[in-house]
Amino acid sequence: MLAFLAQIDWPDVAEAGIDTLTMLAWALGFTVLIGLPLGVILYLTGQPRLLYAPLLHRTLSLLVNIMRSLPFIILLIVMIPLTTLITGTSLGVQGTIPPLVAGCAPFFARLVETSLREVDHGLVEASWAMGGNTWQLIWHTLLPESRSGLIAAVTVTAIVLVDYTSMAGVIGGGGLGDLAIRFGYQRFQTDVMVVTVVLLIALVQILQMSGDRLVRRMSRK
């Protein structure tokens, strides 16, 4: 076993791991920042008793569905000009974050909308009956009552982002996926491929267990 791992350049593995975590952190932050309000708007505009706006709801739903239907590898390539305009490069960690956000924000928005639909409608009606405005409804009823579902949505999105960061290695996006492609696949270094796969699996397991623990904690409150 030690002989199998002896030829691995561990500093490169460590750097790739840090790049993956950096991409995950920044992309998840922007995904939540964009996807959460988008999901709230989708929920509110689709409910007849709330901010019912059928045209806006259908338009946003169409845009979300279009973005969700694009395979991520194609989105990476299509967004190269825009990514370069935003970050100044289409390579490395910086060049990967915009397509990661564009690919996951619509997905997260749908999960948010689904979580909000699980909120007891009686609580929503009670909030309106007590004279609450839209912001009060969102901050004091919808988001607190759906927090377990929202945490689960963030967890699922983070795991999807790990998958997407690996695919970003195809265009030189950096991270463990890039390391696996350049060394594990192109140079036939099986040891590098095995290590990167194990690290990615471990990262997904950590994210899932952390998310499950938070959900259980929120459910007890």
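Computed from a predicted structure; not experimentally measured. (Residues numbered from 1 in each chain as written. Predicted model: local features only at pLDDT ≥ 70, side-chain atom pairs only at ≥ 80, totals over all residues. Heavy atoms only, no water.)

Concerning the nonpolar core
This is how it is decided: Only buried residues count toward a nonpolar core, which is a set of Ala, Val, Leu, Ile, Met, Phe, Trp, Tyr and Cys residues joined through side-chain atoms within 4.5 Å. For every residue, the accessible area (1.4 Å probe, protein chains only) is compared with the maximum for its type, and the residue is labelled buried under 20%, exposed over 50%, or partly exposed between those bounds. For the purposes of this entry, the term helix denotes a DSSP run of H or I that reaches at least four residues, the term strand denotes a run of E that reaches at least two, and both are numbered from the N terminus. Between two residues, a contact is recorded if the distance between any of their heavy atoms is within 4.5 Å.
In terms of nonpolar packing, the biggest core is built from 30 residues, with L24, F72, L100, L161 and L179 touching the most fellow members. Breaking this core down by element, the ones donating at least two residues are α2 (10-45), α4 (72-78), α6 (92-117), α9 (147-167), α10 (175-185) and α11 (190-220). Setting aside residues no more than four positions away along its own chain, L24 makes contact with A158, L161, V162, L203 and L207. Y43, L50, V119 and I138 belong to the second-largest nonpolar core, a separate cluster that totals 15 residues.

Section: helix α3 (residues 54-69)
Note the cut-off: One fewer than the residue count of a helix, multiplied by 1.5 Å, yields its expected span. When we speak of the arc, we mean the arc of directions from the helix axis to the C-beta atoms.
Here α3 contains 16 residues, and its C-alpha end-to-end distance of 22 Å stays within 8% of the 22 Å for a straight helix at 1.5 Å per residue. For α3, the complete set of buried residues consists of H57, L60, S61 and V64. Buried residues in α3, looked at end-on, bunch into an arc of 105°, giving them a common side. Summarising the geometry of α3, the exposed residues directed more than 90 degrees from the buried face are L55, R58, L62 and S69. Where the residues of α3 are buried, they touch α2 and α6.

A short note on the UniProt feature "transmembrane region" (unreviewed entry) in the protein chain
Selection criterion: UniProt positions are given in the numbering used here, feature names are shortened, and annotations may be inferred rather than shown by experiment.
Taking the UniProt record as the reference, the feature "transmembrane region" (unreviewed entry) is found at residues 23-45, 66-86, 92-112, 150-172 and 192-211. Between the end C-alpha atoms of residues 92-112 the distance is 30 Å, and the span holds 100% helix and 0% strand. Secondary structure content for residues 150-172 is 78% helix and 0% strand, and the end C-alpha separation is 32 Å.

Things to note about the pattern of salt bridges
Stated precisely, the cut-off is as follows: A carboxyl oxygen of Asp or Glu within 4 Å of a side-chain nitrogen of Lys or Arg is what we treat as a salt bridge.
Taken as a whole and assessed by the stated rule, the structure comprises two salt bridges. For R110, the salt bridge is made with E113, and the minimal N-O distance between the two is 2.7 Å. Here R110 and its partner E113 are both found in helix α6, three residues apart, which amounts to about one turn of the helix. Its salt-bridge partner being E113, residue R117 comes within 2.7 Å of it at the nearest N-O pair. Taken together, the residues R117 and E113, both in helix α6 and four residues apart, mark about one turn of the helix. A single salt-bridge network, built from bridges that share partners, covers R110, E113 and R117.

Regarding the confidence of the model for the protein chain
For the record, the criterion: pLDDT measures the predictor's confidence residue by residue and takes values from 0 up to 100.
On average, residues of the protein chain carry a pLDDT of 85, and 92% of them reach 70 or more. At the low end of the mean pLDDT range in the protein chain sits helix α1 (residues 2-5), at 58; at the high end sits α9, at 92.

Comments concerning the environment of T83
Within the secondary structure, T83 is located in helix α5 (residues 80-87). Here T83 falls in the buried class, since its relative accessible area comes to 2%. Setting aside chain neighbours within four positions, we find T83 in contact with G88, T89, S90, G95, P98 and P99.

Some remarks on α6
The end-to-end C-alpha distance of α6, which contains 26 residues, comes to 38 Å, matching closely the 38 Å that a straight helix rising 1.5 Å per residue would cover. Across the 26 residues that make up α6, a large majority, 20, are buried.

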